[in-house]
Amino acid sequence: MKVVITPIYEPYRTLIESLPTHGFTAQHIFCQHRNLVAVWQMGEYKTVVKRYKRPTWANCFIYTFFRKNKAQRAYENAQLLLSHGFESPEPIAYIVIKRYGLVHTCYFISAYLPWATLQQADAALADETDRLALWKSYMEFARDMHSHRLFLRDNNSSNILVDSSGNRFRFALVDINRLQSNVRPQWPQLVTFFYQLGLPLERLLRILPYYRSMSEERKKRFVYYYAAFDKWRKKKHRIKQMLRQWFVKGK
C-alpha cells in the first residue's frame with residue numbers, strides 16, 4: 001500500500017492508513033455510484049474522502065505501468081491549481097492499494113469546503129441580474145484559468161464550487177483528476193468545455209462575450225461545433241443504451 005500525505009497532516013498517518021482496512025464513519029455521503037464520496041471527520045479536520053471504483057483490468061495495468069492513477073492525479077492537480085493561485089480543497093493524502101502487483105483501489109482525501117456547487121448557486125438566485133453576475137464572474141474565472149494554460153476536461157457545474165458570501169464570487173474546483181496543464185484550448189475544446197455546463201445554447205451565447213469577444217464569425221463557428229458535439233453526444237448515449245439493453249437481455 002502506498003500512502004502519500006501532505007506534511008502538515010503527518011500526525012494523522014496512522015488514522016489515514018487504517019481507512020482501507022477499518023473503513024470510516026461517513027457524516028454525509030455525496031455520491032455512492034461508481035465512486036464513493038463522503039464527509040469524514042479526521043480528528044479536528046473535516047475532510048472529504050473519495051474512494052474510486054476499481055478500474056477495469058486493462059486500466060489496472062495502465063495505471064500501474066504507464067499512467068498516474070486517478071487519486072494521484074487528483075492530489076497533484078490540487079497542488080498545481082493552488083500553486084497557480086486558483087482554489088481547490090486542500091489535498092491531504094492519497095492511498096493506492098495493489099493486488100497481484102497491479103493498482104486495485106485508490107483513495108483521495110481533501111479538506112471539506114462548505115460551498116454550493118455552481119449549479120446550486122445558479123438555481124438559488126431568483127433575479128436574472130444576479131444570475132448574470134454569477135456567470136460573468138465564472139466566465140472571467142475560466143478565462144483566467146485558461147490563460148495559465150490549465151484546462152479542466154470534466155467541466156460539469158457540479159464540479160465547480162462557489163462562495164458568494166463576500167463582495168465577489170469565488171470559485172473552487174473539485175473532481176480534478178482530468179485537469180490538464182500546458183494546454184491552450186481551441187474552439188472545438190472550448191465548445192466541449194462550455195457544453196458540459198449544461199446551459200441552453202441561447203444562454204451560453206449570451207455569456208460567452210465575458211470569456212472572449214464574439215464576432216459574428218466566431219459565434220457561427222461556436223454554434224457549428226456545438227451542434228456537432230451535441231449530435232455526437234446524443235448518438236453516443238443511444239449506442240450505450242442499446243448495448244446496455246443487449247447486455248441485460250443476454251444474461
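Report on the accompanying structure. (Residues numbered from 1 in each chain as written. Predicted model: local features only at pLDDT ≥ 70, side-chain atom pairs only at ≥ 80, totals over all residues. Heavy atoms only, no water.)

With respect to the element layout, R73 can be found in helix α4 (residues 70–83). Of the side chains with opposite charge, E76 lies nearest to the buried R73, which makes no salt bridge, at 8.1 Å. If we ignore the near neighbours within four places in the chain, the residues touching R73 are Y63, R67, K68 and N177. (Helix = DSSP H or I, 4+ residues; strand = E, 2+ residues; numbered from the N terminus. Buried < 20%, exposed > 50% of the residue type's maximum accessible area, 1.4 Å probe, protein only. Lys, Arg positive; Asp, Glu negative; His and termini not counted. Salt bridge = Lys/Arg side-chain N within 4 Å of Asp/Glu carboxyl O. Contact = heavy atoms within 4.5 Å.)

Turning our attention to the pattern of salt bridges. Here the structure, examined in full by the defined rule, presents 13 salt bridges. Between R170 and E87 there is a salt bridge whose closest N-O contact spans 2.7 Å. Here R170 is found in strand β10 (residues 170–173), whereas its partner E87 is found in the loop between α4 and β5 (91–99), with 83 residues between them in sequence. Put simply, D122, E128, R131, R203 and R206 are held in one network by salt bridges that share partners.

A separate point is the environment of A71. With respect to the helices and strands, A71 occurs in helix α4. Residue classification places A71 among the buried positions, given a relative accessible area of 0%. Residues A71 and R143 lie 72 residues apart in sequence; the distance between their C-alpha atoms is 27 Å.

Evaluation of the coordinates by the stated rule reveals 20 aromatic pairs. Centroid distance Y138 to F141: 6.1 Å. Interplanar angle 40 degrees. Geometry classified as tilted. Of this pair, Y138 and F141 both sit in helix α6 (residues 128–147), separated by three residues, roughly a single helical turn. Each member of the pair, Y138 as well as F141, is classed as buried. Seen in terms of ring centroids, F151 and F193 are 5.5 Å apart; in terms of plane orientation they differ by 35 degrees. Their pairing is tilted. (Phe/Tyr/Trp six-rings, centres within 6.5 Å; stacked < 30°, edge-to-face > 60°.)

Before going further, it helps to spend a moment on the nonpolar core. By size, the foremost hydrophobic cluster in this structure holds 38 residues, and its most contacted members are L118, Y138, M145, F194 and F222. Here this core gets seven residues from one element, more than from any other, and that element is α6. Setting aside residues no more than four positions away along its own chain, F194 makes contact with M139, L204, L208, Y211 and F222. In terms of nonpolar packing, the next biggest core, distinct from the first, is built from 15 residues, V3, I5, A93 and I97 among them. (Core = buried A, V, L, I, M, F, W, Y, C linked by side-chain atoms within 4.5 Å.)

A cluster of basic residues, R34, K53, R54, R67, R99, R153, R178, R233, K236, K240 and R244, forms a positive patch at the surface. Here the element with the most residues in the positive patch is helix α9 (residues 216–250); it accounts for four residues. Tracing the chain through its elements places K240 in helix α9. The exposure class assigned to K240 is partly exposed, which follows from its relative accessible area of 45%. (Patch = residues over 30% accessible without salt bridge, like charges linked within 9 Å, V, L, I, M, F, W, Y side chains within 5 Å. Areas by Shrake-Rupley, 256 points an atom, 1.4 Å probe, with all protein chains shown as cover. Charge placed at Lys NZ, Arg CZ, Asp CG, Glu CD.)

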